[in-house]
Every structure is written in structure tokens, then in C-alpha cells.
Amino acid sequence: MAKAEGRVLLPPTVEPVKYDIKLKPDLVNFTFDGSEKIRLDIQEATDEIALHVKEIAIKNHTIVLKAGSTEVKPEAVTYSIKDATVTFKFEEMLPVGEAELELEFFGLLNDQMAGFYRSGYKDITGASKIMASTQFESLDARRAFPCWDEPGRKAVFGLTLVVDTGLTALSNMPEKHRCYLDGGAKMEVAFMDSPKMSTYLLAFIVGEFDFIQAQTSHGVLVRVFAPPGRSKDGQFPLEVAVKALDGYDDYFGLPYPLPKLDMIAIPEFAAGAMENWGLVTYREVDLLIAEGASRKQMQRVCIVVTHELAHQWFGNLVTMNWWDDLWLNEGFASWCENYMAHEIFPDFAMWDQFTSDTQAAAMRLDSLRSSHPIQVPIKHAEEVEEVFDAISYCKGASVIKMAHAYLGADAFRSGLQAYMQKHKYSNTETSDLWAAWSTASGCKVNELMASWTEQMGYPLVTVKSFNGSEVELEQSWFLADGSEVKKEEEKIWKIPIICKGQKPVLMEAKTQKISVPKSDFLLINAGRQVPMRVLYSDETYSQLATAIQKGQLSVSDKAGLVLDSFALAKSGHLGADKVFKLIASFRSERNFIVWDAISQALTGFDTVLMAGVSDPTYAAFKAFVSKLIADAAKEVGWEKKASDGHLDGLLRETLINMQSKYSVDPEAMAEAKRRFDAFMAGDASLLPDDIKEPVFKMALKSGGKKEYQALRNLQAKATTNIERKHVYVTIGHTADIALKKDVLDWVVSGDIKIQDFFYPMGSVAASSKEAAALTWDYYKSHFDRIWSMCKTASPSLMDAMISLSARGFSTAEAAAEVEQFYKEHPLKQNQRTISQLLEGIRNLRCKASENRDWGVLAPAGYGSSGNQLVKDSRVSSVSKKLRTPLARQGESWTNAAFLNRILKTPVIEESFWKSL
Ligand code: BES
Ligand code: ZN
């Protein structure tokens, strides 16, 4: 393997120009035969050709290289399992110029959701069937055909599939022609040549599907494919896609370059969706919308579609040269998903939601010492799996949002258009985008952005003084645990300081004085354009509380203020009592996004208060929360209203969830039970999708075996994955510990597809402290089984297992236990996930955004290990400690610091809560 800038790459001597690939999948024996002709450009005389290959066998005698009129066969064929390469060595030097490599191969249609793989589905009659599809990002095209599997090696792809007549065969491009073979039993479907593109974007699918279609106003055919009988559930994503394609055409200034766009629900799918050019694949729940779907579900589908369609330009047309710049793909698409969703559905208020969702997730992870810079060197391609995380996606999107605010919408857009124009069908690095924006805006964008992408973390900006017209600000590295920043660790960011009514002013030094417009209150970072925290003086907080009550702050600013103040209490910069005084000023709030932020903050405080304060004080805290949400809960109610907007549906779920958690009034439980029973008795009208999950949880918590069984039956009979998912994510909340154990047995039984099997485990772990310990014990003793179920599958699955098996832990002992376990069971490529998990436990985690499934679906690496069964004696040593009513014992918390801080504030007095 060649090394450039420390990267492990295929030698640059030979470039692929065009692949002609023919594949013949066998859906009965789960194998496929393939042949390919690759047109090459030999750029430097060489006697070797190396390309990627994994889990497929090349038929040696078929390998031929044609250069000019000569045909040569390799004298040696060598495989490297480690690098997933095959090298053909020729007796003579191959001359510079055109050549053609031909070979035949054979592979397996695996069940690991990577490469060319199979999924099970039911046809219209309910019979079980098999379909085959692909997932190539990042490194799995090599599992389907030998190729130069690097994003910088763009080539043209001509694909032919040989399949049973009657099945649907799809690929990136439209069908060119077909002919029938074997007396009509088989058909050979040839697709048009693709544009020049990277291997990870190629896709092909064979199976039975129904579809619906529409045309964009710019003339592109858009189709949504679904399992037989379900195509009407594609109506919503079809409408979103049609609008988004036209919208992106205009925004990027280049028309969508392919003649068609297909979107398809795949029965077994590891990620949420994949942006294959012209053939976007989705997890069923992330594409199809059945009648009565919740607002949350519709929003998720809209976001996934707008995200993947953004990649059709940003990622597919212009592609990062190497995985180092993966963030550019994912961060930018994560910015665009909001941009386009906002264009299509302004009432979703996606830019406000960004504050409590994307930006909050970024800031949560990036305040850990185990975070990493947005731009990370990737030497070996396999390391890329680790950077599909909230830093690439969420911090990436957050810094793009900051650039948008600083450069202004016009320069941002025109720079982007110039970038697209200049680099279409080619590859780029981050600096190419900065260069385009610098030209468009006249700003030195590279200098502005470097401090945000090249160093990890983000700043805390402290208001040192304020005299009404001028503030003195100081910046420092914000760390979630408030740990000391040593002199040599200090960092400086270039921070756009944004106040309402004036242009951004750049803060470049440790301290800086900035003039601000006159106002009743001081608000730095208006509109939450910058991922940073702001610490004000006590007086400013009181003024802000008044402004909140007077309705003078925007939704984003309110949500940001709540999230900042919680984080600052946790890190020791702000008294918990002050945060609660601020939260108390939100009684008349009716906006979902603000309540979402409040709910995140309360969840964070709840764990510590439960552990650290007396029973009467804890009860007083819960009574305060009940009172805080009472008016809003009453007004929003349980029933959908004709006047409901999009956010009201989301708010209803949040408030019911909060009631189930904090409410001291039994009425809510009874109401949930009544609706649950009616639903189970066949009356679906009382349980709209918006409130299903909180109601299931409440019924499980207050009920027993009957409710548990009812939900298991519901899952067994479900015809859609979203119905199943409602059960998976709630079932662990059953109060009965034996039933929780039953859920865990279910997880490893093989009855749940591995694309979903971590959900029920996560729901058990989240249901109580005791259940968290139970889950961890169970995970450890079934580690071999779990690992064997998903070790060669997409990396995201093991990653989800790692995060969820320890969900709900927050003690030093627990962290030490988890750390020790992974020392004994090293998962090489999951190191980052594991360190982030450990630091998260130690810092006491608060809720990650549920909309985005962070921590559930953020994929990381997968590795190998020689795992032995954990011996029984080890299993219970720590868990016993965890099982003691630790929730009431202060001393075992790592976050002793946070707890101690809280204990020094008036919140330990019952009277404090009554005074709020
Ligand atoms: N390119 C990714 C899919 C992907 C993720 C491939 C990890 C390989 C490894 C796709 O564009 C994506 O980001 N999908 C997200 C959904 C999106 C709405 C954030 C996902 O799968 O969760
Ligand atoms: Zn993406």
C-alpha cells in the first residue's frame, strides 16, 4: 500500500476510468456471481496492480489485462486480508496508457447489512421472501466487486443485473435495456452509465416492490419504492423529495444531474438512510409514513429525506478526497437538512429546534475531554467509522451555521455555488470550501474557521463587566465537568459575538471589550448562531428572567439560555438555585422547543437531586416541576386539536412524558391507563401516534404482566416497523424486574432484527437504576452472543449496544466497571465510543436528542476481540453495589463535584422549592 501524508492508499500508478460490472445474485442460495471489465489509465509504468477486495473470491484463471493488442495474465495473485486488497503481479512492466482489466468473481449475499446483502420481507400474501440490496459507505463496495474503493478514485459505472423475471431491479441510473434468458425465467437488466462518481455511492437492488412516482417541476422523475402493498405510505416523502430536489437545484445553482431519483425502504438497514446517487436507501421507519403518523415521525422523515438529497450535490457531485473530510459531507448535509426542511415546512421551526437538538448534541459531546476536532487525520480508512459521530454531524452543522451567520446568506450561497461549479464530478478538501467563501465574502474564512474545526471543544464566554453600552468578555475552554484548564491547555477561538441589532463583531483575544446596542437586558449570542456558552452576572440573569416573562426573548434564545445555565451549573460556574429561578420563569411558556430544553435540564438535575437531597426535598422538587408544567399540560391536553400546529403535537408528547416522570398527581397515570386499555380493546382513536410512547411507558410502569403481554402481542402482530419500534423503545419500562429480564432475553433471542435489537435493551437500561445494573450484568454475560450477532455487520450496531448497555449509569464504580470490562474485552475500533461513554458516565449524562437517535444510531467502529465468557463471580461484584439503593446514597457519585455544588445551594431546603 502506498502512503501519502501518512495515509494508507492504493498505489497512484493505476487509475480506474470505467467499470462494466455484471452481477447475478442467487436469492435462494445467498450467493452471487460477478464479472467486470475495468478500463484503466496506467499513469506510471508498473508491474503490479492492487485493488480492494473483501469476502469475495476472484477466479484466478479469469484475470486478464489487455494493453493495446497484448493480453497478459498475472504471474502471482496475492491477497492481504488486513488491507482488504488483492495484488496482481505481472511478469513485464505495463506501459503507461490505457488498459483493461477483466476478471470474474464469486461472493455471498450476507445478512450483515453491509456490501451486497440480503433482507427478509413479506410479500402481499404474507409469504416470507428475500430481497438483496447494497450498503457501500464507507468501505464495503469491495465486498461486492473488486475495485479502487477510495472516495478520490472516481469512475464511470456501467452495471448489468441478471435476476429472476418478474422482480424489480434498480440501480443508480435508469434501465437502458433488458433481455430474457433461460427461456424467459431470467432477465438481464442493463443500466445506463453513471456519471463519474466514487465507489461508495454505487447501489443496486433486487426484490419485489410497489412504487409511486411524481415529477419535479424541473423534470426529474422521483419514485418511492415500498414493500408490496405499502406504496401509499410513500406519499409524504415523495412530496418532500420533489420540493427538495427543485429547491436544491436553485440553491446550489446546478440542476440535479441524473434523470431520476429513486428512494426505497429496505427491510433490514443498519443506518437511517444512505445517499447513493439516484437510489437513496432508507430504513423503513425513516421513509414511510402511515396514516395517523406522529408529527415527530413526519419531521424525522422530512429531515432524513432533505439530508440525503443534500448529499446528491454535497457529497455525490462534489466529494471529499479522503475520509479526513467526512465532516464536510455530513456536517454540511446536516446543515442543509434544516435549511431545506425550513423552506418546505416553515412551521417545523427547524432552526429553533437546531438549538435544542443538533447544537445541543454537539455541545454535549464536545465539552468532554474525550472529544476530538472536527477535522481528524485518518490514516487507515477503517478509522473513518469512528468519526461518524455527533462531532462530524452536529458540531459540523453548528460551525456551518456560524459561518452562515457571519458571512451572510448571500455570500454563503454564492460561495457555495462557485464551489459546486468549480469542483463538480471531482474531489475537494475543507480548504476548498473556505477558499470559495473567502472569494465570495472578502473575509478570511480559513482563519475564522480553523479554531473551530482544527481544535476540539468550544468556548465559554464570561461577561466580566457591563456598563450599559460596553461589555468586557473573556473566553475560556468550556469543560462539562468544570475541571481545571492548565495553562498549556488553553485555547483561543475566533468568536463572532452577535447581539441583536448589530453586525457580528469578531472576538479574537482572551479578553475583549465590545460595544453593544442599548437594551433592557444583555443577550450575547442572539439567535444561538455560535456553539458557545455564555455566563452572565447575577443581575443580568434577573433581567433575562424578566425579559422571558415579558415575552421579549426568541425561542432559540430561551432554549439556549436554559441549556447553557444547566451546563454551567454542572460545571460549577452557576448556582443550581439560579438555574431553577430562571426555569421558574417559564410557567407560561407554550413552545415545544423551550420545553424540550427545560426537560433536558430537568432530567440532568433529577438524577443528582434524587441521589443527593432528602426525601422531603426531592418530593418538593417534583412538586415544583408538577406545578411548573401544570398549566401547559392542561392547555395542551391529551387530545389532538383542530388548531394544533406541528410543534403542538411535539409538545404534547414532551409534556405527557414529563408528567409521567415528575407528576405527583395520579390523574395523569389514570388517564394514560384509560387510553391504553381502550386502545388494546380495539379503539385506536384514543391513542394517536403522538402520545403512544409516553402512554405505553406509563401503562407499563403502573401495570404488570397483562400490559406487558399486550404490548408484546401488539409487536408480534404489527405490520409496520414503526409500530414495532413504539414497543421496542418502551417495553423495558415494565415495573416487574422479571419481565425486564424477559425483555433482555428477547433481545438476544434472534427474534428481533439486529437493525433494532438494541432498542429494547436501551429501554430496560433507561427504566430505573436497578434496571441499568441488570442490563449491564446481562450484557456482560451475553457479550459473546451479542458480539457474534453483529460483529461483521455495520459498525453502528455494536456501537449502539455499547452506549445503551451502560445507559443510565452515573457513578464512579460503574464507570470503572465498564472500563475494566472493555480492557478485558477490547473492541479495537470502538475506543472512541467507549471513552466518550466513560467520560459521559463520569460527568453524569443528560438526555441526548431523541429525534436524532444520537447514541443509538451514531455509528462508530467495530473491532475484533478474543472475548471469553465473563466469569460469574465477576458478574455480580460491582453490580451488587449498583443494586443497593444507590440512588439515595450521595457518596458514590463520581460527579461528587456536581452534587457537592448543589448541596451548597438553597436547593437542599424544602422551603426553596416552595418559594419558587
Ligand atoms: N452517509 C450517511 C449514512 C452512513 C452513515 C453511511 C454511517 C455509512 C456509515 C447518511 O447520509 C446519513 O448521514 N444518515 C443518517 C441520517 C441523517 C438524517 C442524519 C443516519 O443514517 O442516521
Ligand atoms: Zn449524511
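Residues numbered from 1 in each chain as written. Chains lettered and ligands numbered in written order. Predicted model: local features only at pLDDT ≥ 70, side-chain atom pairs only at ≥ 80, totals over all residues. Heavy atoms only, no water.

### Some details on the packing of aromatic side chains
The geometry of an aromatic ring pair is captured by two quantities: the separation of the ring centres and the angle between the planes.
Next, step 1: A complete count under the given rule lists 59 aromatic pairs for this structure.
Next, step 2: Relative to Y419, the ring of F314 has its centre 5.6 Å away and its plane inclined at 20 degrees; by these criteria the two rings are stacked. Linking F314 in the loop between α2 (295-311) and β24 (318-320) with Y419 in helix α7 (residues 409-423), this pair joins segments that are 105 residues apart in sequence. An identical accessibility class is assigned to F314 and Y419; each is buried.
Next, step 3: Arranged with centres 5.9 Å apart and planes meeting at 20 degrees, the rings of W434 and W437 form a pair that is stacked. Taken together, the residues W434 and W437, both in helix α8 (residues 430-441) and three residues apart, mark about one turn of the helix.
Next, step 4: Taking relative accessible area as the criterion, W434 reaches 3% and is therefore assigned buried.
Next, step 5: Since its relative accessible area comes to 0%, W437 is described here as buried.
Next, step 6: The ring centre of F30 lies 3.8 Å from the NZ or CZ of R118, which sits over that ring. (Phe/Tyr/Trp six-rings, centres within 6.5 Å; stacked < 30°, edge-to-face > 60°. Helix = DSSP H or I, 4+ residues; strand = E, 2+ residues; numbered from the N terminus. Buried < 20%, exposed > 50% of the residue type's maximum accessible area, 1.4 Å probe, protein only. Lys NZ or Arg CZ within 6 Å of the ring centre and 35° of its normal.)

### With respect to the sheet that holds strand β19 (residues 210-215)
Within a sheet, adjacent strands bond to each other through the backbone by hydrogen bonds, running parallel or antiparallel.
Next, step 1: One open sheet holds the five strands; their spatial order is β19-β20-β21-β23-β22, and the pairing between them is mixed. Only two strands of the sheet have a single partner each, and these edge strands are β19 and β22 (273-274).
Next, step 2: Against the sheet, α2 engages β21 (260-266), β22 and β23 (279-283), with an angle of about 150 degrees to β23. (Pairing = 2+ DSSP bridges. Contact = heavy atoms within 4.5 Å. Axes fitted to C-alpha atoms, helices over the stretch in contact; angles between N-to-C directions.)

### Some points on the site of ligand 1
Next, step 1: Near ligand 1 you find 16 residues, and of these E137, G272, E275, E308 and Y393 are the closest.
Next, step 2: The backbone of A273 places a nitrogen or oxygen atom 3.3 Å from an oxygen atom of ligand 1.
Next, step 3: Between ligand 1 and Y393 there is a distance of 2.7 Å, counted from an oxygen atom to a side-chain nitrogen or oxygen.
Next, step 4: Expressed as a share of its isolated accessible area of 510 Å², the protein-covered part of ligand 1 is 94%. (Near = heavy atom within 4 Å. Polar contact = N/O pair within 3.5 Å; in protein donor to acceptor, adjacent residues only side chain to side chain. Areas by Shrake-Rupley, 256 points an atom, 1.4 Å probe, with all protein chains shown as cover.)

### Focus: the environment of I391
Next, step 1: On the secondary structure map, I391 appears in helix α6 (residues 390-407).
Next, step 2: When its relative accessible area of 0% is taken as the criterion, I391 is described as buried.
Next, step 3: Distance in space between the C-alpha atoms of I391 and A190 is 40 Å, their sequence separation being 201 residues.
Next, step 4: Those residues in contact with I391, other than ones at most four positions away along the chain, are L365, D366, S371, H372, P373, I374 and G396.

### Some remarks on the pairing of strand β9 (residues 76-80)
Next, step 1: Examined bridge by bridge, β9 and strand β10 (residues 85-94) share five bridges and lie antiparallel to one another. Bridge pairing links T78 to T87 in β10.
Next, step 2: Connecting β9 to the next strand, β10, in antiparallel fashion are four residues, including A84 with a positive phi near 55 degrees.

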